[in-house]
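# Understanding the architecture of this molecule
Here are the chains, one letter per residue:
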Amino acid sequence: MLRTPLLLLLAPSLALAAQKKADEVPPRPPVPAALQAKINHAMDLGVESLLARQSLDGSWSQQMEGYGSGATGIALYALMKSGLPTSHPAVERGMTFVRRYGVPAKTYARATVLFALTAYGDPADERLIDDITDALVKSQVARGWAYPSGEPDLSCTQFAAMGLRAAEAAGAKVPKTVWLRLADAVLEYREEVDRRPTSGYEPRGFKYKPQVENTKGSMTAAGVAVLAITLDHVRGNKADHVRALEEGRAWLAAHFMVEHNPAPTSQSGHAGPPWYYLYGVERVGALLGVETFGEHEWYVRGAEKLISAQDDAGGWGNHSDTSFGLLFLSRATGSLGPVSSDGTGVVASAWTFGGDDPKEDVSLRASGRKKLTFWISSFGDDATFHHATGEEGDGPLAVERVEYWRKGSGEPTLLGEVVAEDDGRAARNRYAIQSDLVGPLTMEVFAAVHLADVDEPLRSKPLKVRLAMTERPTWSEYAKDAERNLFRDAKVEVTASSQQDGPRHRATNVIDAHVALGWKPKPEDEAPWIRIELARAIRANTIVLSHADMTGTLLDRFEILVDDEDEDRIEARMVPDAREKTVLELPKAIKLQSLTIRLPGAVPNDFAGLGEVEVQRRR
């Protein structure tokens, strides 16, 4: 594909330096300071939620079996738009996966990967951007885009349009006819109306497909956004397209809500959660340059909804919905590049937990992100009344030591303790400790304050705290392991004693280069095994195994047979951490033609699964 020569492709750091002023990062919208602080915090938590869901191979695994790198593309795009630097290890690992995967098969995935590649801005990705752009251009049909199988729909069509918009801005050449045909095609998705045209603009929504009954907020936003993108490419009379855009905009104003995706003609009046719809509203607001739909301040209202609905993990449901939430809050469509992390994007400040309560004997506080500091912020009125020192009862409590305990499903675990010193330093430092726990982690902690001449310690209420993602030194190498796996270029057959239903549990998943897709035997299988057999023997000295899921019961013990030689059986244990791989280094390189992995017994219903099985030659 021919490309437009762009100065912006000279270096990653200059990726979008040559963008026209309209495509530069816009200032934050004028919202109340208190709300802006909540928005920043919500974005911060949302970013951490996405980081916590990244697989060891750099991917995000939602619908991996059908959409490949699509979820990874939207997650990377959301992270960069939220201010995470392009140099962040998670972004680099994700880009490694995207490049290795190549051109996705589905329209959604092609578009989201283009979002990520063009926002990242590396000239080395020019060929991949061109190839994906070509695939989108060739899969266009009369009414836009389909999955690409099946009939076209407005959802796929808007993603394709947004992907091509990003690709064109990065220098890829999109034929003019693509935009002209798209501008006409989107008109077919409008709702039918029985009225004569007027001089004004009456509300008129858009539908998922021309033949379906109900209009929706998400689809009306999609129709308006596509028209906003294509209008500059339409030759001659634009009256029909302008009218469709303005009528769609009027519909969004008339049926604006943030609680749900509006569908006023449906029985319930809405069509499910609002996350996808809100991202559509953000796109329309940015592309049209408007802050209101009718009397509704779309950004303020949407931000308030997202803040109130954010879950305990920091997200809004699955990977994609969390990405949509971040893309709304970051006003992603307002610029075509990543957002700088200088305060306009994610705010990487310390998190604080707890507060003072004079009714509680002990008030506990904590602060930090990747390391948490705990301290006693105050003692309550009753504790002071009963235990204060001094002749008049106005002295400090006679603290001997303070213990910090982590609550769990079993007995509490001691995190650390501070012993009071004669010089009073511990008291002046509020008996603070710093934990060495590894994130991401959400937990409850309480403090036990032991006083002189008092049998029972004073206790604080459990304080719920969270730790941000702790980067591991092994992860950068894990993202490259798929290229080192000797199974990759070999002719391999995989069999197993059993496998659970569904594409995410197949035996063949252990050699598909996707760590998060794994093998799960059936729970009734009392002697599970999986066998990998090669057409020709290979020489290797390292075997690497991964857990498939980060949740559920992890595989513990296993044994490996190489070439069915029982005397060379390897008995081992998996690393009890879903974010680490188990590496078995053999004493010397061996030739192997088959590898059989046996589990010690039936697996539980929540078994996390065996992820990737790799053989490597490391030395």
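Anyway, here's the lowdown on the structure attached to this text.

### Details of the pattern of salt bridges
For the structure on display, the rule yields 37 salt bridges. Among the salt bridges present, the one from Asp-125 reaches Arg-99, with a minimum N-O distance of 2.7 Å. With Asp-125 in the loop between helix 5 (107-120) and helix 6 (126-138) and Arg-99 in helix 4 (residues 89-101), this residue pair connects regions lying 26 residues apart in the sequence. Overall, Arg-99 belongs to the partly exposed group, its relative accessible area being 32%. One salt bridge in this structure joins Glu-247 and Arg-243, with 3.3 Å as the shortest N-O distance. On the criterion of helical spacing, the pair formed by Glu-247 and Arg-243 is a turn pair, its members being 4 residues apart in helix 10 (residues 239-254). Through salt bridges with shared partners, one network takes in Glu-477, Lys-480, Asp-481, Arg-484, Lys-581 and Glu-614.

### Comments concerning the pairing of strand 4 (residues 362-368)
Of all 7 residues in strand 4, 6 are buried, a share of seventy percent or more. Note that strand 3 (residues 351-354) and strand 4 share 4 bridges and pair antiparallel. Paired with Trp-351 across the two strands is Gly-368, which belongs to strand 4. Where strand 4 lies against strand 5 (residues 372-379), 7 bridges are found, and the strand directions are antiparallel. Bridged to Ser-363 within strand 5 is Ser-378. Once strand 4 ends, the chain turns through 3 residues before running back antiparallel as strand 5.

### Observations concerning the environment of Asp-312
Mapped onto the elements, Asp-312 comes out in the loop between helix 12 (298-309) and helix 13 (319-329). Sequence spacing of Asp-312 and Arg-466 is 154 residues, and the spatial spacing of their C-alpha atoms is 9.6 Å. When sequence neighbours within four positions are dropped, the list of residues in contact with Asp-312 reads Lys-464 and Arg-466. A distance of 3.4 Å separates the side chain of Asp-312 from the side chain of Lys-464, its partner in a polar contact.

### Concerning the sheet that holds strand 5
Ordered in space as 3-4-5-8, the 4 strands form an open sheet in which the pairing is antiparallel. A single partner strand is all that each edge strand has here, and the edge strands are strand 3 and strand 8 (433-434).

### Notes on the packing of aromatic side chains
Counted under the stated rule, the structure contains 14 aromatic pairs. Centre to centre, the rings of Tyr-108 and Phe-159 are 5.3 Å apart; their planes meet at 75 degrees, and the pair counts as edge-to-face. Of this pair, Tyr-108 sits in helix 5 while Phe-159 sits in helix 7 (residues 154-169), and the two are 51 residues apart along the sequence. Neither residue differs from the other here; Tyr-108 and Phe-159 are each classed as buried. Ring geometry for Tyr-299 and Phe-328: centres 5.5 Å apart, planes at 5 degrees, overall stacked. Here the residue Tyr-299 occupies a position in helix 12, and Phe-328 occupies one in helix 13, the gap between them amounting to 29 residues. Phe-328 shares its class with Tyr-299; the two are buried. Among the aromatic residues, ring-to-ring pairing joins Tyr-67, Tyr-77, Tyr-108, Phe-115, Tyr-147, Phe-159, Tyr-276, Tyr-279 and Phe-324 into one connected group. Note that Arg-283 overlies the ring of Phe-159, its terminal NZ or CZ placed 5.9 Å from the centroid. The ring of Tyr-299 has Arg-331 sitting right over it, with the charged end atom 5.2 Å from the ring centre.

Cut-off values and rules
What you see as residue numbers is a count from 1 along each chain, following the sequence as written. Given that the model is predicted, a residue must reach a pLDDT of at least 70 before its local features are reported, and side-chain atom pairs must reach 80 or more before they are shown or counted; all residues, however, enter totals for whole chains, interfaces and linings. Based on all heavy atoms of the structure, the side-chain values leave hydrogens and waters out of the count. Each salt bridge in this description consists of a side-chain nitrogen of Lys or Arg and a carboxyl oxygen of Asp or Glu lying within 4 Å of one another. In this text, helices come from DSSP runs of H or I with a minimum length of four residues, and strands from runs of E with a minimum of two, each type numbered from the N-terminal end. Only protein chains enter the accessibility calculation, which uses a 1.4 Å probe. A residue is then buried if its area is under 20% of the maximum for its type, exposed if over 50%, and partly exposed in between. Strand pairing is defined by DSSP finding a minimum of two bridges between the two strands. Should any heavy atoms of two residues lie within 4.5 Å, those residues are counted as being in contact. Counting of polar contacts relies on pairs of N or O atoms within 3.5 Å, with two restrictions inside protein: one atom must be capable of donating a hydrogen and the other of accepting it, and residues adjacent in sequence are counted only when both atoms are side-chain atoms. Here the aromatic set is Phe, Tyr and Trp, taking the six-membered ring for Trp, and pairing holds for ring centres within 6.5 Å; pairs whose planes are under 30 degrees apart are stacked, those over 60 apart are edge-to-face, and all others are tilted. Two conditions define a charge sitting above a ring: the NZ of Lys or the CZ of Arg must be within 6 Å of the ring centre, and it must be within 35 degrees of the ring normal.

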